[in-house]
Amino acid sequence: MKKLNLLTLFSGVGSPEAGALRVYDEVNNIAACEWDKFARESYNANYEIDQQHFHNDICEMDGNQYKGKVDVIFFGFPCQSF
């Protein structure tokens, strides 16, 4: 069984999670960070994540709490133009 502990930054609607689920049997969403209200709503509709680990602002996020708990950190890019 392939398992991945994932942290995403600029998470959007959760595209990295969708891709990981195609490769791994189990994906644990350790933490995510997204400021856009509508993207956060879409993310929460599709994935389970403890809300205390779904951060609104990367400038206020302390990543030290995830040290040793994450296999991959994935970050998106600004997609406002799309």
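Refer to the preceding data block for the structure.
What you see is a predicted model, and the numbers here were worked out from it, not measured in a lab.

Caption draft 1: Representation of the sheet that holds strand E4 (residues 72-75) in the model. Strand order across the open sheet formed by four strands is E3-E2-E1-E4, with parallel pairing between neighbours. The two strands at the open ends of the sheet, each matched to only one other strand, are strand E3 (54-55) and E4. Pairing geometry for strand E1 (residues 3-9) and strand E2 (residues 26-33), over seven bridges, is parallel. Each bridged residue has a counterpart across the sheet, and for Lys3 the counterpart in E2 is Glu26. Of the strands in this sheet, E1, E2 and E4 touch helix H1 (residues 15-23), which is tilted by about 165° from E1.

Caption draft 2: Structural detail: the environment of Val23. Among the secondary structure elements, Val23 is positioned in helix H1. For the pair Val23 and Lys2, spaced 21 residues apart in sequence, the C-alpha separation works out to 8.2 Å.

Caption draft 3: Expanded view of helix H2 (residues 37-46). Listed as buried for H2 are Ala39, Arg40 and Tyr43. Axial view of H2: buried residues confined to an arc of 100°, hence all on one face. The exposed set on the far side of H2, more than 90 degrees from its buried face, consists of Lys37, Phe38 and Ala45. Summarising the contacts, the buried residues of H2 are in contact with E1, H1, E2 and E3. By the N-cap criterion, in which a side-chain oxygen at the helix start approaches the backbone nitrogen of a residue two or three places on, H2 is capped by Asp36, the distance to Phe38 being 3.2 Å.

Criteria and cut-off values
- For every chain, the first residue of the written sequence is number 1, and numbering continues from 1 along that sequence.
- The predicted nature of this model means local features are confined to residues of pLDDT at least 70 and side-chain atom pairs, given and counted, to a pLDDT of 80 or more, with totals for whole chains, interfaces and linings taken over all residues.
- Only hydrogens and water are removed before side-chain values are computed, so all heavy atoms of the structure are retained for them.
- Here a strand pair is declared whenever DSSP counts at least two bridges between the two strands.
- Numbering of helices and strands runs from the N terminus, with a helix taken as a DSSP run of H or I at least four residues long and a strand as a DSSP run of E at least two residues long.
- In this description, contact between two residues means that some pair of their heavy atoms is separated by no more than 4.5 Å.
- Only the stretch in contact is used when fitting a helix axis, every axis being a line fitted to C-alpha atoms; angles between N-to-C directions are given from 0 to 180 degrees.
- Classification of residues uses two cut-offs on accessible area relative to the type maximum, computed with a 1.4 Å probe and protein chains only: under 20% is buried, over 50% is exposed, and between them is partly exposed.
- Summarising the geometry, the arc corresponds to the directions from the helix axis toward the C-beta atoms.
- Identification of polar contacts relies on pairs of N or O atoms within 3.5 Å, with a donor-acceptor requirement for protein atoms, meaning one able to donate a hydrogen and the other able to accept it, and with residues adjacent in sequence counted only if both atoms are side-chain atoms.

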